[in-house]
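What the coordinates show
Each chain, letter by letter, is given below.
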Amino acid sequence: MTTEATIEQATIDWLTDLGYKHQLGTHLPQNNTEVVLKDQLLQFIQQQYPHIPEEIQTLAVSEFTNNVGADLEHRNRTFHLKLTKGIEFAYEDALGKEKAVHIYPIDFDTPENNSFWAVNQFSIVGKNKRRPDIIIYINGLPLIVFELKNWYDENTNIKEAHNQIEHYQKDIPLVFEYNAITIISDGNKAQHGMFSSGMEWFAPWKSINGRDTVQEDDFQMHTLLFGLFPKDRLLNYIKNFIFHEDHNGSLIKKGAKYHQFFGVNFAVEAAKKSVRPFGDGRIGVIWHTQGSGKSISMAIYTGILRSLPELKNPTIVVQVDRSDLDQQLYDNFVFAKDLVGDVQHAKSTSDLRKLLSAGSGGVIFTTIEKFRLKQTSENALGELEHPILSDRENIIVMADEAHRTQYGLLDGFASNLRKALPKASFIGFTGTPVDSKDADTQDVFGNVIHTYDIKQAVEDKATVNIFYEPRLAKLHLWNEAIDDDVDAMTGSEEDNSNLKWAAIEDAAGSKDRINKIAKDVLNHFTNRTNTLAGKAMLVCMSRRNCVKMYDALTALDDCPEVAVVMTGNISKDPIEWNPHFRTKEATESIKSRFKKEDDPLKIVIVRDMWLTGFDAPCVHTMYVDKIMKGHNLMQAITRTNRVFKDKQNGVIVDYIGIGDNLKTATHKYTGTGGKGEPTIDIEQALELFFNQVEVCKVMLPEHLDYSNWRALRDADKLLLVKHAVNHLVKYDEEANDFMKAEKKLSDLLSIVKSQPSIQDYAVDVLFAQHVSKAVRNAKSVKSTRGEQQKQIKELISQSIDSEDIVDVFAMAGIEKPDISILDETFLLGAKNEKDGNALKIEIIKNILKDEIKLRLHKNIKKYTSLREELEKVIDKYHNNAIDSYATIAELVERAKDLQNDDKRTDELGLSEEELAFYDILAAKKDIVKEEGLMQDIVHGVVKAVKSNLQLDWTKKENAKASIRLAVKKELRGKISITKLNEILAEIMEQAEGQFSDWSA
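Residues numbered from 1 in each chain as written. Predicted model: local features only at pLDDT ≥ 70, side-chain atom pairs only at ≥ 80, totals over all residues. Heavy atoms only, no water.

1. Brief notes about the overall build of the chain
Looking only at helices and strands, the chain features 38 helices and 26 strands. Contacts spanning at least 24 positions in sequence make up 73% of the contacts within the chain whose residues lie at least 6 apart. (Helix = DSSP H or I, 4+ residues; strand = E, 2+ residues; numbered from the N terminus. Contact = heavy atoms within 4.5 Å.)

2. Here we look at the sheet that holds strand β13 (residues 282-288)
With parallel pairing, the seven strands of this open sheet are ordered in space as β15-β16-β14-β17-β18-β13-β19. The sheet is open, and its two edges are formed by β15 (343-345) and β19 (448-452), each paired on a single side. Between one strand axis and the next, the sheet turns through 15° on average, direction left out of account. (Pairing = 2+ DSSP bridges. Axes fitted to C-alpha atoms, helices over the stretch in contact; angles between N-to-C directions.)

3. Side note on the confidence of the model for the chain
Mean pLDDT over the chain: 78, with 76% of residues reaching 70 or higher. In the predicted structure, residues 436-440 sits below a pLDDT of 50 and forms four contacts with residues beyond four places in sequence or in another chain. In this model, residues 881-886 is a region of pLDDT below 50 whose contacts with residues beyond four sequence positions or in other chains number 24 contacts. (pLDDT = per-residue confidence, 0-100.)

4. Topic: the packing of aromatic side chains
In the structure shown here, the tally under the stated rule is 29 aromatic pairs. Each ring, one from Tyr330 and one from Phe365, has its centre 5.6 Å from the other, and the planes form 80°; the classification is edge-to-face. In this pair, Tyr330 is assigned in helix α11 (residues 323-335) and Phe365 in strand β16 (residues 362-367), connecting sequence segments 35 residues apart. With a relative accessible area of 0%, Phe365 lands in the buried category. Ring centres of Phe689 and Tyr761 lie 6.5 Å apart, and the angle between their planes is 85°; on these two criteria the pair is classed as edge-to-face. Of the two residues, Phe689 is situated in helix α24 (residues 682-699) and Tyr761 in the loop between α26 (732-752) and α27 (762-779); the sequence distance between them amounts to 72 residues. Looking at Phe689, the relative accessible area reads 0%, which means it is buried. Ring pairs connect the aromatic residues Trp205, Tyr237, Phe241, Tyr258, Phe261, Phe262, Phe266 and Tyr452, which therefore count as one cluster. (Phe/Tyr/Trp six-rings, centres within 6.5 Å; stacked < 30°, edge-to-face > 60°. Buried < 20%, exposed > 50% of the residue type's maximum accessible area, 1.4 Å probe, protein only.)

5. Description of the nonpolar core
If you look at the biggest cluster of nonpolar residues, it comprises 118 residues, and the most contacted ones within it are Phe229 and Tyr301. Top contributing element to this core by residue count: helix α9 (residues 258-274), with nine residues. Setting aside residues up to four positions removed in sequence, Tyr301 forms contacts with Val264, Ala267, Val268, Ala271, Ile283, Met398, Ile427 and Phe429. One finds Val651, Leu704, Leu712 and Ile758 within the second-largest nonpolar core, a separate group that totals 60 residues. (Core = buried A, V, L, I, M, F, W, Y, C linked by side-chain atoms within 4.5 Å.)

6. Describing the environment of Glu576
Within the element layout of this structure, Glu576 appears in the loop between β22 (561-565) and α21 (584-595). The exposure class of Glu576 is exposed, given its relative accessible area of 55%. C-alpha of Glu576 to C-alpha of Val547: the two residues are 29 residues apart in sequence and 8.8 Å apart in space.

7. So, the pattern of salt bridges
Counting across every chain of the model gives 25 salt bridges. Between Arg130 and Asp171 there is a salt bridge whose closest N-O contact spans 2.8 Å. Here the residue Arg130 occupies a position in strand β6 (residues 129-130), and Asp171 occupies one in helix α5 (residues 158-171), the gap between them amounting to 41 residues. Two residues, Asp400 and Lys294, come together in a salt bridge whose shortest N-O distance is 2.5 Å. Of the two residues, Asp400 is situated in strand β17 (residues 395-400) and Lys294 in helix α10 (residues 294-307); the sequence distance between them amounts to 106 residues. Residue Asp400 shares its accessibility class with Lys294, and that shared class is buried. Linked through salt bridges whose partners overlap, the residues forming this network are Arg77, Asp246 and Asp338. (Salt bridge = Lys/Arg side-chain N within 4 Å of Asp/Glu carboxyl O.)

8. Remarks on the sheet that holds strand β7 (residues 134-138)
One open sheet accounts for six strands, arranged β1-β4-β7-β8-β9-β10; its pairing is mixed. The strands lining the two open edges of the sheet, one partner per strand, are β1 (21-24) and β10 (190-193). Between one strand axis and the next, the sheet turns by 25° as a mean value, whatever way the strands run. Taken together, the five bridges between strand β4 (residues 116-120) and β7 define a ladder with antiparallel strand orientation.

9. Quick word on the environment of Leu352
Mapped onto the secondary structure, Leu352 falls in helix α13 (residues 349-357). Between the C-alpha atom of Leu352 and that of Phe365, which follows or precedes it by 13 residues, the distance is 8.7 Å. The contact partners of Leu352, leaving out residues within four places of it in the chain, are Ala346, Ile364, Thr366, Lys370 and Phe371.

10. Describing the packing of α9 against α10
Contact geometry of α9 with α10 gives a least axis separation of 10 Å together with a crossing angle of 40°. Our classification of the angle between α9 and α10 gives oblique. Considering the relative orientation of α9 and α10, their crossing is right-handed. Together, Gln260, Val264, Ala267, Val268 and Ala271 of α9 and Ile296, Ser297, Ile300, Tyr301, Ile304 and Leu305 of α10 make up the contact between the two elements. Among the residues forming the contact of α9 with α10, the class breakdown is nine nonpolar, two polar and no charged. (Parallel < 35°, antiparallel > 145°, perpendicular 65-115°, else oblique. Left-handed = near helix turned anticlockwise from the far one by under 90°. Nonpolar A, V, L, I, M, F, W, Y, C, P; charged D, E, K, R; others polar.)

11. Description of the pairing of strand β23 (residues 601-606)
In terms of burial, β23 is a largely internal element, five of the six residues being buried. Here strand β21 (residues 535-540) runs beside β23; their pairing, made up of four bridges, is parallel. Pairing of Met537 across the sheet is with Val604, part of β23. Where β22 meets β23, five bridges bridge the pair, whose relative direction is parallel. Each residue of the ladder has a partner; that of Val562, found in β23, is Ile603. In terms of handedness, the path from β22 via α21 over to β23 forms a crossover that is right-handed. (Right-handed = clockwise from strand over helix to strand, strands pointing away.)

Here's what the structure looks like:
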């Protein structure tokens, strides 16, 4: 049996292989009394700085071991800054001359000059006497703590190790003043993190060299040690990849994950080769998926570049393409001030030019549009070309999510930037694949340096999975008088995108639709938060619709606090919107509140704001009622993928039909070398749920019947649960497996709870949850997720609610179409069209306009009115409720029906104008008394109508009366007398539509 001691010994053996010296703490004179081995630190300083006076050497030891701060976190920061930046000491030499020396307690450049000790059995006395399993001492400083647990002990796990670290902070806080990295392990799992971080922020180190495929089935401690603990890597990590964020006096200590460490280091090496004059200025691209810490990587990279001697104090220009991204990233850099130093923010074009024209060094933030030309004024001609602001070679432009704006190299802002900084070098940091549609990526930035894709981020728990749930929200026609506006709708203005967007906005903002979505959102959010506390964002396509949605939501009972976050223009916007306008400070206050898990503000409604560069980890659901695509879509949905406590997933609820665009964006991810999909379809989640039900059922005793669980008395329920528990607790492994299986089932339940198809499995879930709770109590196994137990308790006491989720294909009355049914010549013109919306627009123009408009007046019975035809298209096009191929298929089939009318006229022996009257009579053939061909009656009716037509007859009651009388005479004796007036009304309606423009 493997014990904690053997795990400890294996760790020591591997550290020894890496050149660390093993020391027993019981043999050290400082044991129990001090955490720093001061003699070792003094020996190092004497070795490194032999020419300074002895009293300065001793003073340096004292300064490095005396940390000032109000609490443990502040003292840890104080020490870390001294550790990584050194301390300057002034003294007089033997001749009385003033000297200064900058002393570091570690030689970061030459690892061999430092002592690396792996110390175990080292007891420390504080509030209580404690003995961490292993402490790594570098030059006598206790920089790394290992807490190890036994994998094979069923009563413990890695959470226990983390919990013990938390106790150590109370009992022996002094050791954590010096702590750089904390390692926790249960033998199988091994994770690194910061001592003050929650369990969710500890992570495995999954690569030994950063280039090869990550280690999936490795022994994690082995990969961690050989991936991070080679001496040069460890010193690099301690110096450059750890920092403290200061949030108004509250410190958050952060350290890089393995993908950030390797990605940044590879980018540093690329810069050394590519920055002018060493290379051509194209450093490359770092593609790390959204939510995996890109802004931290950028800050770390900046800090390292600024310290490279070969770059001679470079200027780093951080450039984004929008002001909201600019502010968010700037704030992140300010938080990382310990790494990057002071940061300057270009507030205007003039300010940017002033900053770039100044001397070397520093970090400057700007949006790309500030590289604009000066405009013509009354007294001066505007600029024809952007002036050179600096021709220094040590300027590095870091482009963040600025793909589109970086490609206009011949003209525009990107061109101006390169003219302003002709010898600058460029690197791109992106969470989405760099767009190669308009330019060759290598021509702009260079090669991809490092990729960290969605699949790996989810597997590493750097982000959580996002599930996609499509929900149909029908649109209503906004213009009831559209028949009067038919020419305007189908004329040349049809291609006007502004008019088109306004039409979509009006349709999406119809009162009935908004109210329906608001009720659905509140119901869905309530169910979601019953099992997982958190917050939601609701995205609308216009500010007007944001306000409408807010009014509809807040009018509902039990609605939590909601806020609209949008910009305003008080000279143009309605006064009713004023409550939603805020100052910059007030908006920041709302942002701060929304990020706090316990704040009562639970839902924010946005159009564009906060969809990029905004991190609120407690957000687990996004309701989408806005058409988005490409980078914007991917950046928006990943607001839900941040790691947060017990959050297992994010959910995107789609009311407007972003499915096609999501597929396109997904293809781009996987087609550019990345793996994993941005979202998981709800159908996949259901399949996982059903499979997990079966996994749990197989583990229960055979022939155990709990099917009538809800009807049983409590006493009988207890006996059933006891039977199952007795079966499971015989073997520890089976008991633990069942608890894990049930936990996975409950996690999946929080995703699929709104699906009607899970109702058949409600009893299975409830019984599994009861049994798991009883097994847990019987085994006294401590949960790794304490809060999850509370959520499961709630689930046990509740039935599984269902919602009416519409199958959009079934609702449309069509099967999944086969693309081969479509006209090949038509599709050829659309094959290269990436946007599903544009494809549908083309269909509407080519089929609906050319066919329906042409035939409308000829057969009102069949086509009723253009208003109804457009309403059908709006339901499927404007809200994108079904996949584009399904839309194509339906419209093509409709066009085929129209074209079939031509064949019908020939087959029936009727003229085009007679066909509509035939349809009226054929629909009521049960009231026709006349035997013989229906066509004969139709000939007579149409003749009766046309014989009595006159100019403007539809406006003259006597003229219409004459036609009615002639038709009645024609039908008398052929139609039941009681039904004659009913059918006459339909004939007159068709006559008015078909012959209204009659002229002699």
